[in-house]
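# Summary of the model geometry
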Amino acid sequence: MLLLNGAPPKKLPDLSNYDLVCATDGGYNLLKQQKIQPDLITGDFDSITQIPEEVEVISTPDQNFTDFHKSLEILHARNMRTIDVFGGSGNEVDHFLGNLSTALEWKEKLKLTFFDDYGHFFFIDKSFVGSDLMHRTISLVPFPTAHGISTQGLQYPLKKEALNFGERIGTRNKAVQDTIEISYQRGALFIYISNT
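Structural notes, computed from the coordinates. (Residues numbered from 1 in each chain as written. Predicted model: local features only at pLDDT ≥ 70, side-chain atom pairs only at ≥ 80, totals over all residues. Heavy atoms only, no water.)

## Quick look at the overall build of the protein
From N to C terminus, the protein includes three helices and 13 strands. For 196 residues, the compact-globule formula gives about 16 Å, and the C-alpha radius of gyration of the protein, at 18 Å, lands near that figure. With the C-alpha coordinates of the protein rotated into their principal frame, the extents come out at 55 × 30 × 30 Å. Across the 196 residues in the protein, those meeting the buried criterion constitute 48%. (Helix = DSSP H or I, 4+ residues; strand = E, 2+ residues; numbered from the N terminus. Rg over C-alpha atoms; globule rule 2.2 N^0.38 Å. Buried < 20%, exposed > 50% of the residue type's maximum accessible area, 1.4 Å probe, protein only.)

Structure follows, in structure tokens:
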């Protein structure tokens, strides 16, 4: 689990389900408020005043990369391949767009899923099957293009169609079955699934 310095979630998941809890320096502030101790804190430490001594700390002052990017480098080096990301959206939009850009860069190496108070979102491989999704909002966003998209279980199905950012994207669709299927042939496709 990785906690960034975006909009803090109203409720954190059960952290005992994770092998490692990592926070960037700004994300650590939220954990500190809730008296939660992470396993690791990393970043350039421009967002906290006191660095804890009882937690592993890795300073990454290189300003050519974001704290999110540098955190992923560390977690990847530790053989983490599936990472749930909290605090990656909300607040300043440029940070969120930067996080999406970083996620796109890492999508071949890591399975990253962002969570916020409204839903979860992620880049899919060539196919995705999700269950227990009836009536939820499902959005498909190409980055910047995705071709040969086919879906099952959505109100507005696609059959080997293309989406292009700036022309046609697939936001605000609805699941009309409990199980949905999405596949595509080439490009990059980002999926959003609402909580309700």
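Once you've had a look at it, read on.
## Some remarks on the pattern of salt bridges
Across all of its chains, the model carries four salt bridges by this definition. Note that Arg78 is salt-bridged to Glu56, the shortest N-O span being 2.5 Å. Taken together, the residues span a long stretch of sequence, with Arg78 in the loop between α2 (67–77) and β5 (82–86) and Glu56 in strand β4 (residues 56–59) at a distance of 22 residues. One salt bridge in this structure joins Glu161 and Arg168, with 2.9 Å as the shortest N-O distance. The exposure class of Arg168 is partly exposed, given its relative accessible area of 37%. (Salt bridge = Lys/Arg side-chain N within 4 Å of Asp/Glu carboxyl O.)

## Looking at the pairing of strand β3 (residues 40–43)
Strand residues, when the strand is regular, have side chains that alternate between the two faces of the sheet. In β3, alternate side chains face the same way, and those of Leu40 and Thr42 on one face and Ile41 and Gly43 on the other are all buried. With three bridges joining them, strand β2 (residues 22–24) and β3 adopt parallel strand pairing. Bridge pairing in β3 places Ala23 opposite Ile41. Pairing of β3 with β4, which is carried by four bridges, proceeds in the parallel orientation. Residue pairing across strands places Leu40 opposite Glu56, the latter belonging to β4. (Pairing = 2+ DSSP bridges.)

## Some details on the side chain of His69
Inspection of the secondary structure assignment puts His69 in helix α2. The exposure class of His69 is buried, given its relative accessible area of 6%. For His69, the side chain forms a polar contact with the side chain of Trp106, separated by 3.5 Å. The contacts of His69, once residues within four sequence positions are left out, are Thr102, Glu105 and Trp106. (Polar contact = N/O pair within 3.5 Å; in protein donor to acceptor, adjacent residues only side chain to side chain. Contact = heavy atoms within 4.5 Å.)

## Some words on the pairing of strand β13 (residues 186–194)
Most of β13 sits out of view: seven of its nine residues are buried. The sheet contact formed by strand β7 (residues 119–123) and β13 spans five bridges and is antiparallel. Paired with Phe121 across the bridge in β13 is Tyr192. The sheet contact formed by strand β9 (residues 137–152) and β13 spans seven bridges and is antiparallel. By the bridge assignment, Pro142 is partnered in β13 with Leu189.

## Concerning α2
Residue pairs three or four apart in sequence face the same way in an α-helix, which turns once every 3.6 residues. Burial analysis of α2 places eight of its 11 residues in the buried class, the great majority of the element. When we look at burial in α2, the residues that qualify are Asp67, Phe68, His69, Lys70, Ser71, Leu72, Ile74 and Leu75. Asn79 sits one or two positions beyond α2 and adopts a positive phi of about 65 degrees.

## Focus: the environment of Glu181
Note that Glu181 resides in strand β12 (residues 180–183). Looking at Glu181, the relative accessible area reads 35%, which means it is partly exposed. C-alpha separation for the pair Glu181 and Glu56, spaced 125 residues apart in sequence, amounts to 41 Å.

## Here we look at the packing of aromatic side chains
Counted by the stated rule, this structure contains 11 aromatic pairs. Consider the rings of Phe143 and Phe190, whose centres lie 5.7 Å apart with planes at 65 degrees: the pair is edge-to-face. A residue pair is termed long-range when its members are at least 10 positions apart, and Phe143 in strand β9 and Phe190 in strand β13 qualify at 47 residues. Between the NZ or CZ atom of Lys109 and the centre of the ring of Trp106, over which it lies, the distance is 5.2 Å. (Phe/Tyr/Trp six-rings, centres within 6.5 Å; stacked < 30°, edge-to-face > 60°. Lys NZ or Arg CZ within 6 Å of the ring centre and 35° of its normal.)

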